[in-house]
Structures are given as structure tokens and as C-alpha cells.
Amino acid sequence: MLKKYLLAPGPTPIPPEVLLAMAMPIIHHRSTDFIPVLESAKKGLQWLYQTKNDVLILCSTGTGGMVSSVNNFFSPQDKVLVINGGNFGERWTKIGQAYGLNVQEIKVEWGHTVKPDEVEMVLKNDPGIKGVFVQASETSTGVYHDIRALSRIVREKSNTILIVDAISALAAYDLRTDEWGIDIMIGGSQKGLMLPPGLAFISVSEKAWKMSQDAKLPKFYFNLRKEREALAKNQTRFTTAVTLIIGLDESIKLLQKEGLGKVFKRHETLAHAAREAVKALGLELYSKESPSNAVTAILAPKGLDGQEIYKNLKDKYGITAAGGQGQAKGKIFRIAHLGYADIFDIIIAISGIEMVLTNMGYPVKLGSGVATAEKLLLK
Ligand SMILES: *Cc1c(COP(=O)(O)O)cnc(C)c1O
């Protein structure tokens with residue numbers, strides 16, 4: 001028997017309370033059984049997003065939310081700026097180009113974080129830039145970009161909006177939508193929200209809604225102005241993912257029970273322990289600055305293939321972590337501490353890494369990473 005442990009940066013494990021809620025017989029999306037659930041989930045999302053803005057719910061994975069933040073707010077040839085420091089930053093560029101935007105990039109070396117001054121300079125030199133696209137947590141490199149500093153810069157510009165892909169950051173980070181003035185923020189169900197894949201969330205500020213009035217790109221399924229009208233009446237335009245929304249309502253209730261501050265603190269504590277444990281094994285983080293509290297990206301030791309480490313964790317020990325993406329493929333492996341994650345998920349991950357590296361002939365002192373984590377995680 002091989003017991004399975006899911007420690008990937010999405011999909012993430014699902015709490016039993018949420019699984020049970022989703023196991024109930026299906027109800028109709030226009031029924032009075034469902035409307036209060038949708039209303040409650042809608043308010044719960046606003047709580048998690050720390051916003052009074054609309055937070056719309058889309059039936060798609062996170063990328064659908066990314067796409068809808070392009071085709072609902074921009075017109076062909078619009079100039080936008082993408083912070084590209086990883087696989088998901090690259091995705092912003094690809095989506096923008098697919099929709100005919102004039103995409104300019106700030107390329108950030110993988111493993112590093114964007115310098116807000118550089119963004120400020122580009123915007124100052126080119127007031128025609130209508131949108132700045134960034135990841136909060138760049139999952140492919142395990143780096144957190146300073147969203148607070150970026151929002152401070154963009155909110156000064158009356159014709160530019162900030163679009164944040166917070167798909168792996170939501171619930172892991174204190175992202176203050178209203179206080180900081182984040183115009184658009186995207187989440188996904190299968191990460192910090194402890195749900196199966198299939199929902200995307202998108203908050204929209206008044207400034208962004210204004211921009212949407214002039215946006216000429218085609219839209220039908222992802223038409224956010226229409227979604228907004230429907231959600232105001234606690235409805236969805238089309239048949240929605242009823243089961244996932246029932247789960248969403250439950251998972252937000254669990255987060256509310258814990259308290260927002262404690263949720264963030266838990267992610268911070270777990271991430272810190274994971275990083276220190278990895279270093280205690282003589283390994284190096286791939287993130288050279290601002291390592292993410294959602295996922296830890298680890299450089300494979302010299303001579304070892306990151307994909308092999310990932311594969312061995314899975315095949316030998318039942319631990320699904322993650323390998324590298326894009327240019328980091330083979331060079332790194334990643335472990336998540338996101339969503340329904342607690343102390344012993346870190347212990348399992350670190351213990352698994354110690355055992356796999358030993359199997360692969362890399363010298364580690366068994367138990368030394370685990371001991372480091374235990375010391376940091378003692379209650
Ligand atoms: C997971 C993830 C996505 C979206 O991926 P989907 O597979 O479409 O859900 C986008 N951005 C980041 C930073 C992610 O971690």
C-alpha cells in the first residue's frame with residue numbers, strides 16, 4: 001500500500017467538512033435552496049478579499065479569470081505592462097498577445113522579485129499604459145512580488161489599473177484590496193481555498209468598472225458586467241458549479257472560524273519552517289529574495305534532476321509535490337504549504353525529501369531537516 005499525500009501548489013487537499021458538504025445531492029441553481037448559499041459565498045469572498053468591491057465567481061480554472069481580466073477591460077492595441085518573472089508572468093504576456101494587446105514586459109530574472117521603482121519609471125515614461133499585470137505569488141519560482149508597493153504606484157495613475165493574479169496567494173497573504181487599491185484580483189478554487197479545481201474569482205474596483213465601459217474586445221461567456229448584474233440579484237447568468245459553490249461557502253466558513261490573521265500567520269509559520277528545514281539539509285532555495293509563503297521552490301543539488309526528485313517522492317513515498325516549470329524544469333522541485341496545510345504536512349514533506357535524497361545518493365543527515373522544522377513548529 002502507498003498512502004498518498006498531496007503537497008502540490010494546486011490542487012491542494014480538501015478538508016473533510018468541505019468534502020462532506022459537496023457530497024449532498026445536487027440542488028437547482030435557481031432554487032431557494034441555493035440562493036442563500038450563493039449570497040453567503042459571495043459575502044465570504046468579499047471578507048477574504050478584504051473588499052467592498054464585487055467579487056465575481058466564474059466557472060473555470062484560474063486562467064479563465066486571467067483571460068476575463070483582459071477581454072473585459074481592454075481594447076485591441078491597448079498598451080499594457082506585464083511583470084514577467086516566471087511561468088505565470090509569461091502567461092499574462094501570452095493572453096495579452098492572444099487578444100491583440102500591445103504588451104510591454106519587465107522581465108524579472110526567475111527567482112527574483114520585481115523592483116517597484118522600475119515599474120514606476122516605466123509608467124512615468126509611458127502614460128499610455130492602461131494596465132499593469134503581475135502575480136502576487138509567482139508559483140513557478142516561489143517568489144512573492146510586493147503588491148502593496150505596486151498598488152501604491154498604480155493607484156496614482158488615473159488611466160492605469162493594477163491586475164493581480166493572486167491565484168496561489170489568496171488565503172496565504174494579507175492582500176488588502178480596498179486599503180491598497182488593488183483594481184482586479186484573481187483567485188482560483190484549488191489553491192488556498194481548499195476546493196477542487198473549477199472556480200475562478202475576480203474582484204473589480206470602480207476604476208476598473210469604468211474602464212470596462214470602453215473595452216472593445218469580444219466577450220460572451222466571460223462578460224463581467226453581465227455577471228455583476230446577475231450576482232447583485234444573487235444569481236448567476238448560466239448554470240453555475242453549484243457543488244463547488246456549496247464547498248466554497250463551507251471552506252470560507254472554516255477560514256472565518258480560524259480568523260484571517262491566523263490563517264495568514266499559519267502560512268507564514270509553515271513556510272518559514274519549510275525553508276529553514278530545507279537549508280538545514282544543505283539545500284538552496286530557488287527564490288533568491290522574497291520567498292513565497294504558499295510554495296517553497298528548492299534547487300536540486302548538483303548532479304541531481306529536480307524532476308527525478310519529484311518523481312521519486314511520488315512513486316516511492318506517495319508524496320505529490322511539484323517539479324519545475326519552463327526554464328526551471330529539471331533544476332528545481334517545489335513543495336506547497338497552501339490551504340488545508342498544517343504542521344505535519346511540513347514534516348511529511350521534509351522527511352520525504354530526506355529519504356529521497358538518501359535514495360539518490362545525496363548525503364543528508366536523516367532527521368536533520370525534520371528536527372529543524374519541529375523546533376520551529378513546536379506549539
Ligand atoms: C495555479 C495558478 C494559475 C492558474 O492555473 P489554472 O490551472 O488555470 O487554475 C495561475 N497563476 C498562478 C500564480 C497559479 O499558481
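A quick note: this is a predicted structure, and the numbers were derived from the prediction, not measured.

Cut-offs applied
Residues numbered from 1 in each chain as written. Predicted model: local features only at pLDDT ≥ 70, side-chain atom pairs only at ≥ 80, totals over all residues. Heavy atoms only, no water. Helix = DSSP H or I, 4+ residues; strand = E, 2+ residues; numbered from the N terminus. Polar contact = N/O pair within 3.5 Å; in protein donor to acceptor, adjacent residues only side chain to side chain. Contact = heavy atoms within 4.5 Å. Axes fitted to C-alpha atoms, helices over the stretch in contact; angles between N-to-C directions. Parallel < 35°, antiparallel > 145°, perpendicular 65-115°, else oblique. Left-handed = near helix turned anticlockwise from the far one by under 90°. Nonpolar A, V, L, I, M, F, W, Y, C, P; charged D, E, K, R; others polar. Phe/Tyr/Trp six-rings, centres within 6.5 Å; stacked < 30°, edge-to-face > 60°. Buried < 20%, exposed > 50% of the residue type's maximum accessible area, 1.4 Å probe, protein only.

Chemist: Tell me about the side chain of serine 368, and name the residues and values.
Modeler: Looking at where serine 368 falls in the secondary structure, it is placed in helix H14 (residues 368–377). A polar side-chain atom of serine 368 sits 2.7 Å from the main-chain carbonyl oxygen of lysine 365. With residues near it in sequence (within four places) discarded, serine 368 still touches Ala280, Leu281 and Glu354.

Chemist: Residue-level account of the packing of helix H2 (residues 35–49) against helix H10 (residues 242–258), with values.
Modeler: The packing of two helices is summarised by the inter-axis angle and the distance between the axes. Packing of H2 against H10 brings their axes to within 9 Å, and their N-to-C directions diverge by 45 degrees. When the axes of H2 and H10 are compared, the pair comes out oblique. When the axes of H2 and H10 are compared, the crossing they make is left-handed. Facing Val37, Leu38, Ser40, Ala41, Gly44, Leu45, Trp47 and Leu48 of H2, the residues of H10 in contact are Ile245, Ile246, Leu248, Asp249, Ile252, Lys253, Leu255 and Gln256. Of the residues belonging to the contact of H2 with H10, the class tally is eleven nonpolar, three polar and two charged.

Chemist: Tell me what's going on with the packing of aromatic side chains, and back it up with residues and numbers.
Modeler: In total, this model carries seven aromatic pairs according to the counting rule given. On the basis of an interplanar angle of 45 degrees and a centroid distance of 5.7 Å, the ring pair of phenylalanine 74 and phenylalanine 133 is categorised as tilted. Taken as a pair, phenylalanine 74 in the loop between helix H3 (62–71) and strand S3 (79–84) and phenylalanine 133 in strand S5 (residues 131–135) lie far apart in primary sequence, 59 residues in all. Phenylalanine 133 carries the same exposure label as phenylalanine 74, and that label is buried. Between phenylalanine 220 and phenylalanine 238, the ring centres sit 6.2 Å apart and the planes meet at 35 degrees, which makes this aromatic pair tilted. In this pair, phenylalanine 220 sits in the loop between helix H8 (206–212) and helix H9 (224–232) while phenylalanine 238 sits in the loop between H9 and H10, placing the two residues 18 residues apart along the sequence. Take phenylalanine 238: its relative accessible area is 30%, and that puts it in the partly exposed class.

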